[in-house]
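# Coordinate inspection notes
In case you want the letters, here they are:
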Amino acid sequence: MGALPSDPGPGTGIPVRYGLLPPALRRDLADLNSQFLDLSLTGEAPGEPGCNWAEPVRLRLREVDRPTRTRMAAAPFALFRLVPPATVPRSPVAPTHGVADLPVPALVTGGQGRWMSFTHQAAFFARRLVDGGALAANVVLDLTAEAQSLLAALCPSQLATLATQPGIVRPRWPDHLRFWEMLEAAARGDSVEALQWAHCVGVCLLGIDGRGTPPGPGRRRPRR
């Protein structure tokens with residue numbers, strides 16, 4: 001799917017449109033999707049909710065070759081969910097001494113360090129979507145009105161703290177094998193029409209949690 005909703009082609013006196021996301025954000029979304037698939041499927045961050053795929057889906061996706069996975073990542077929506085906590089994280093305490101007196105944070109390396117880097121990138125990307133408009137944040141990341149309000153109220157230090165919360169990022173449709181098979185087949189064939197159909201199915205699944213159930217009262221989707 002080239003854009004959501006479908007864009008009219010360029011014409012006299014009609015500006016070129018890019019759907020919900022401009023090219024730069026589509027590029028960044030594809031990069032985040034690629035990172036998420038790589039990190040969540042390799043098991044480098046064991047115990048992290050973001051790696052909680054159903055085993056049939058995990059096995060299927062781990063066998064996907066790099067070019068196909070790259071085309072899958074170019075979907076017009078995130079392949080992961082951002083699940084902010086119900087309360088705003090506290091801002092870091094202002095130092096009473098000079099900057100040189102602050103403790104040096106422990107360096108996190110390996111898979112856990114890469115996962116933390118990804119969650120920070122995802123949180124700040126979500127904030128960019130919220131600043132750009134509610135519809136994009138709702139469709140691309142499935143963020144509820146409550147989640148969008150929370151993100152909009154955070155200063156950068158609070159947003160960075162939020163990104164460290166366990167379970168902030170989770171797979172989208174972690175056990176919906178049929179959808180992932182459809183997206184993989186379309187990407188493997190590199191068919192524009194098949195990818196459009198797969199993306200339409202993904203849009204139809206927005207708001208569906210986990211095992212194909214609609215969101216509960218706490219995740220009621222806003223009226224459009």
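Look up: the structure comes first, before these words.
Here the structure is a predicted model, which means the values were calculated and not measured.

Next up on the list: the environment of Met182. Along the polypeptide, Met182 turns up in helix 8 (residues 177–189). Note: C-alpha distance between Met182 and Ala198 (16 residues apart in sequence) is 6.2 Å. Those residues in contact with Met182, other than ones at most four positions away along the chain, are Trp197, Ala198 and Val201.

Positive phi values are uncommon outside glycine, yet Asp142 reaches one of about 60°. The residue Asp142 is located in the loop between helix 5 (134–141) and helix 6 (145–152) in this model. Its relative accessible area of 5% is what places Asp142 among the buried residues. Of note in the backbone geometry, Trp173 takes a positive phi value of approximately 50° without being a glycine.

To continue, consider the nonpolar core. Ranked by internal contacts, the top residues of the largest apolar core, which has 53 residues, are Phe80, Phe118, Leu143, Leu151, Val169 and Trp180. If you tally residues by element for this core, the top one is helix 4 (residues 110–132), at eight residues. Discounting residues that sit within four places of it in the chain, Trp180 has contacts with Trp53, Val57, Leu61, Met72, Leu79, Arg172 and Trp173.

To describe two helices that pack against each other, one gives the angle between their axes and the distance between the axes. Packing of helix 8 against helix 9 (residues 192–204) brings their axes to within 8 Å, and their N-to-C directions diverge by 155°. Viewed along their axes, helix 8 and helix 9 adopt a mutual orientation that is roughly antiparallel. Read as a crossing pair, helix 8 and helix 9 show a hand that is left-handed. In this structure, helix 8 contributes Phe179, Met182, Leu183, Ala186 and Ala187 to the contact, and helix 9 contributes Ala194, Leu195, Trp197, Ala198, His199, Val201 and Gly202.

Right, let's get into the packing of aromatic side chains. Going through the model one piece at a time under the given rule, you end up with eleven aromatic pairs. Pairing Phe36 with Phe80 gives two aromatic rings, centres 5.5 Å apart and planes at 50°, and the pair type is tilted. With a gap of 44 residues between them, Phe36 in helix 1 (residues 23–42) and Phe80 in strand 1 (residues 80–82) connect regions that are remote in the sequence. By relative accessible area, which is 1% here, Phe80 ends up buried. Connected via pairs of aromatic rings, a cluster forms that spans Phe36, Trp53, Phe77, Phe80, Trp115, Phe118, Trp173, Phe179 and Trp180.

Quick look at helix 6 now. An α-helix turns once per 3.6 residues; consequently, residues spaced three or four apart project the same way. Listing the buried residues of helix 6 in full gives Ala147, Gln148, Leu150 and Leu151. Relative to the axis of helix 6, the buried residues are bounded by an arc of 160° and lie together on one face.

Rules behind the numbers
- Residues numbered from 1 in each chain as written.
- Predicted model: local features only at pLDDT ≥ 70, side-chain atom pairs only at ≥ 80, totals over all residues.
- Heavy atoms only, no water.
- Helix = DSSP H or I, 4+ residues; strand = E, 2+ residues; numbered from the N terminus.
- Contact = heavy atoms within 4.5 Å.
- Buried < 20%, exposed > 50% of the residue type's maximum accessible area, 1.4 Å probe, protein only.
- Core = buried A, V, L, I, M, F, W, Y, C linked by side-chain atoms within 4.5 Å.
- Axes fitted to C-alpha atoms, helices over the stretch in contact; angles between N-to-C directions.
- Parallel < 35°, antiparallel > 145°, perpendicular 65-115°, else oblique.
- Left-handed = near helix turned anticlockwise from the far one by under 90°.
- Phe/Tyr/Trp six-rings, centres within 6.5 Å; stacked < 30°, edge-to-face > 60°.
- Arc of directions from axis to C-beta.

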